[in-house]
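Observations on the model geometry
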Amino acid sequence: MTRPTINGDHLTAGPARAPRYAMMGAGTGMAQRRRRERQIVIDIQTEPQPSDLGDVRVTNRAVVLRHVRRHAPCSRADIAAHTGLNKATVSSLVTELIDRRLLRETGLTENRVGRPATMLVLDGEPYAALGMEIGADELVVVAVDLGGNRLLTWRRAFAAPLAAPAETVRALATLARRAINRVNGQGRTILGLTVGVPGLVDTAGTVPLATALGWRDVPVATALRAALRDPDFTIAVDTDANLAVVAEQRHGVYAGTADLVHLTGGATVGAGVLTGGRPLRGARGFAGEVGHVPVDPAGPVCECGRRGCLTALVALPAVVRRLLPDVEVDGPVTDWLPELERVQTLARQEDPGVLAGLAEIGTHLGHGVSILANLLNPQVVTMGGHFAVLAPWLLPAARAELHARALAPAAGGCQLVASRLGATATALGGATVALATVESGRLPVS
Ligand SMILES: [Zn+2]
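Residues numbered from 1 in each chain as written. Predicted model: local features only at pLDDT ≥ 70, side-chain atom pairs only at ≥ 80, totals over all residues. Heavy atoms only, no water.

1. Some points on the overall build of the chain
On a plain count of helices and strands, the chain comes out with 15 helices and 15 strands. For the chain, the residues scored as buried account for 53% of the 446 residues in total. In the chain, once contacts between residues fewer than 6 apart in sequence are set aside, the share between residues at least 24 apart is 62%. On the chain, roughly 19,700 Å² of surface is accessible, and the fraction owed to carbon and sulfur atoms is 52%. (Helix = DSSP H or I, 4+ residues; strand = E, 2+ residues; numbered from the N terminus. Buried < 20%, exposed > 50% of the residue type's maximum accessible area, 1.4 Å probe, protein only. Contact = heavy atoms within 4.5 Å. Areas by Shrake-Rupley, 256 points an atom, 1.4 Å probe, with all protein chains shown as cover.)

Here it is, written out as structure tokens:
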């Protein structure tokens, strides 16, 4: 797949910050210039960076892994030339990483002047990470290996809003156990599991509020850990939007974008924000709730109890109710997908009422995105869920409103696009986040 180029390198976005190790290697002239050109430092930083010399090896390990992830196959000499680490350090780190089966030699060599160089790729065969999502009408689990290759993707219909939280966590644990058994059965060790929830999540993995699920104060991480009998890997919980933006940053069409926002579609609307390549979380982890920014003081009452929130105007239930007024005549909807398909069909048939309704919804959406653009000046805003499905009809009005309301010329360069990652983006992001410990240079527990 050809990715759009941003700042001349599909993996680079924004000005490179000099990494801490940049001064450690000898390097002058061409090597230094090449390093400046190739310095790629945009990454998901989910943990604090090591801050003392004792952690230099951890940092350097992360640098080597990151370089190989992005440039494989590559040689030890390539790693040294592009990272600024000296050759002896690279050689020692590579030996250790091969021993721990995080890297492997391909058997291929690159012909250079002098002796041929053995090429390296990520191994990661013995390891996997899991990501899960509790959606309004389904549970999802994704497993990936260290290279980000998907090992499994399972979705199970489940109406969490109609179930007690404990029942939902039990169903989640059942699905997790099946995935764990499958992955362990392949001889892989699980490095971590991260669950995405459509609501607020605090730093302990408790959900103080998830209106789409009808939850208050649900200790998801603790309950899931107990249900899985305290496994020896990390279990974390995060907002669906925060995980989806990680998936976009790593696997999406605009992968590598440093200032990236992902807007989730579905039962709720939330924003996952990367600014300068780092997640924006706020003091207690509650940043990004653009879905409850009021955009129409006379608008409908939102599920949060306030009036005119973006969610009340553009979330999937609001869209379906606006476009299919008869939808709840026979009782509440628990499965929104068939209704979304009906909307799509009517839009394709150019039903005038539906097209006008979609343009109005697109305008509200663009208003919401303009708030993000004015606050955060992202390069790209990706939209997931039903926004991606309905993008052909929503985007023209949304882009026009974004440009009308953004203060900066050309909306500050903000591109509003549909995600192409589909319905499993949050779970994929969860699995990606669960790899962060190893990617940050810490060796897996053996
Ligand atoms: Zn609200």
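2. A word on the pattern of salt bridges
Close approach of charged atoms lets side chains of opposite charge pair. Considering all chains together, one arrives at 14 salt bridges under this definition. Asp-123 is paired through a salt bridge with Arg-101; the nearest N and O atoms lie 3.5 Å apart. Highlighted residues: Asp-123 in the loop between β3 (117–122) and β4 (127–134) and Arg-101 in the loop between α4 (87–99) and β2 (103–110), separated in sequence by 22 residues. Under the relative-accessibility criterion, Asp-123 is labelled buried at 12%. Note on Arg-101: relative accessible area 42%, which makes it partly exposed. Notably, a salt bridge pairs Glu-439 with Arg-250, separated by 3.0 Å at the nearest N-O pair. Within this pair, whereas Glu-439 is found in helix α15 (residues 436–439), its partner Arg-250 is found in helix α7 (residues 240–251), the two being separated by 189 residues in sequence. Assessed through its relative accessible area of 15%, Arg-250 is described here as buried. (Salt bridge = Lys/Arg side-chain N within 4 Å of Asp/Glu carboxyl O.)

3. Focus on the sheet that holds strand β10 (residues 234–239)
Here we have 5 strands laid out as an open sheet, ordered β6-β5-β4-β7-β10, and mixed in their pairing. Strands at the two margins of the open sheet, each flanked by one partner only, are β6 (150–157) and β10. On average, each strand axis in the sheet is inclined to that of its neighbour by 15°, with strand direction left out of account. Direction of pairing for strand β7 (residues 189–197) relative to β10: parallel, over a ladder of 6 bridges. Within β10, the residue paired with Gly-196 across the bridge is Asp-238. Packing of helix α14 (residues 425–434) onto the sheet brings it into contact with β4, β5 (138–145), β6 and β7, and relative to β4 it is tilted by some 140°. (Pairing = 2+ DSSP bridges. Axes fitted to C-alpha atoms, helices over the stretch in contact; angles between N-to-C directions.)

4. Here's the deal with the nonpolar core
Ranked by size, the top nonpolar core spans 42 residues in total, and within it Leu-263, Val-314, Leu-358, Leu-365, Phe-387, Leu-402 and Leu-416 carry the most contacts. Within the residue set of this core, elements represented by two or more residues are β11 (260–263), β12 (271–275), α8 (310–314), α9 (316–323), α10 (337–348), α11 (352–376), β14 (380–383) and α13 (391–405). For this core, the leading source of residues is α11, giving 7 residues. Judged by nonpolar contacts, the second largest core, of 37 residues, contains Ala-143, Trp-154, Ala-176 and Ala-179. (Core = buried A, V, L, I, M, F, W, Y, C linked by side-chain atoms within 4.5 Å.)

5. A few points about the confidence of the model for the chain
Parts of the model with low pLDDT should not have their predicted coordinates read in detail. Summary statistics for the chain give a mean pLDDT of 86 and a share of 86% for residues scoring 70 or more. Confidence drops under pLDDT 50 across residues 1–50; counting only partners more than four residues distant or on other chains, this segment forms 98 contacts. (pLDDT = per-residue confidence, 0-100.)

6. Some words on the packing of aromatic side chains
Scanning all chains against the criterion turns up 0 aromatic pairs. Above the plane of the ring of Trp-154 lies Arg-178, whose end atom (NZ or CZ) is 4.6 Å from the centre. (Phe/Tyr/Trp six-rings, centres within 6.5 Å; stacked < 30°, edge-to-face > 60°. Lys NZ or Arg CZ within 6 Å of the ring centre and 35° of its normal.)

7. Digging into helix α3 (residues 76–83)
Think of an α-helix as 3.6 residues a turn; residues three or four steps apart then line up on the same face. Where burial is concerned, most of α3 is hidden: 6 out of the 8 residues are buried. Every buried residue of α3 is listed here: Asp-78, Ile-79, Ala-80, Ala-81, His-82 and Thr-83. In the stretch just after α3, Gly-84 is the one whose phi turns positive, near 85°.

8. Quick look at the sheet that holds β11
Hydrogen bonds between backbone groups are what pair the strands of a sheet, and the pairing can be parallel or antiparallel. The 5 strands are arranged β13-β12-β11-β14-β15 in an open sheet whose pairing can be described as mixed. Strands with a single pairing partner mark the edges of an open sheet, and in this sheet they are β13 (278–279) and β15 (415–418). Bridge count for β12 against β13 is 2 bridges, and the pairing is antiparallel. From the neighbouring strand, Thr-275 faces β13, where its bridge partner is Arg-278. Of the strands in this sheet, β11, β12 and β14 touch α7, which is tilted by about 50° from β12.

9. Examining the coordination of the zinc ion
Distances from the zinc ion to its protein donors, His-292 (ND1), Cys-302 (SG), Cys-304 (SG) and Cys-309 (SG), fall at 2.0 to 2.3 Å. Considering all 4 donor atoms around the zinc ion, angles at the metal cover 105 to 120° and the coordination shape is tetrahedral. Between consecutive donors of the zinc ion, the numbers of intervening residues give the motif H-x9-C-x1-C-x4-C. (Donors = N, O, S within 2.8 Å, 3.2 Å for Na, K, Ca; no water. Tetrahedral: all angles 85-135°; square planar, octahedral: opposite > 155°, others 65-115°.)

10. Concerning the pairing of strand β9 (residues 215–218)
Relative to β9, strand β8 (residues 207–210) runs antiparallel, the two sharing 3 bridges. Paired with Leu-209 across the bridge in β9 is Arg-216. What sits between the antiparallel neighbours β8 and β9 is a turn of 4 residues, in which Gly-214 has the positive phi angle 70°.

11. Examining the side chain of His-364
Looking at where His-364 falls in the secondary structure, it is placed in helix α11. With residues up to four places along the chain from it excluded, the contact list for His-364 reads Leu-310, Leu-313 and Val-314.

12. Focus: the packing of α9 against α11
Each pair of packed helices can be described by the angle between their axes along with the distance between the axes. The contact between α9 and α11 brings their axes to 10 Å, and the two run at 145°. Crossing geometry of α9 relative to α11 is assigned as right-handed. Here α9 contributes Val-319, Arg-322 and Leu-323 to the contact with α11, which in turn contributes Val-354, Gly-357, Leu-358, Glu-360 and Ile-361. Among the residues making up the contact of α9 with α11, the classes are represented as 5 nonpolar, 1 polar and 2 charged. (Left-handed = near helix turned anticlockwise from the far one by under 90°. Nonpolar A, V, L, I, M, F, W, Y, C, P; charged D, E, K, R; others polar.)

13. A few points about the environment of His-386
Its location among the elements puts His-386 in helix α12 (residues 385–389). Sequence separation between His-386 and Gly-422 is 36 residues; the distance between their C-alpha atoms is 9.6 Å. The residues touching His-386, leaving out its near neighbours within four places in the chain, are Gly-265, Gly-266, Val-314, Ala-315, Leu-316, Val-319 and Leu-340.

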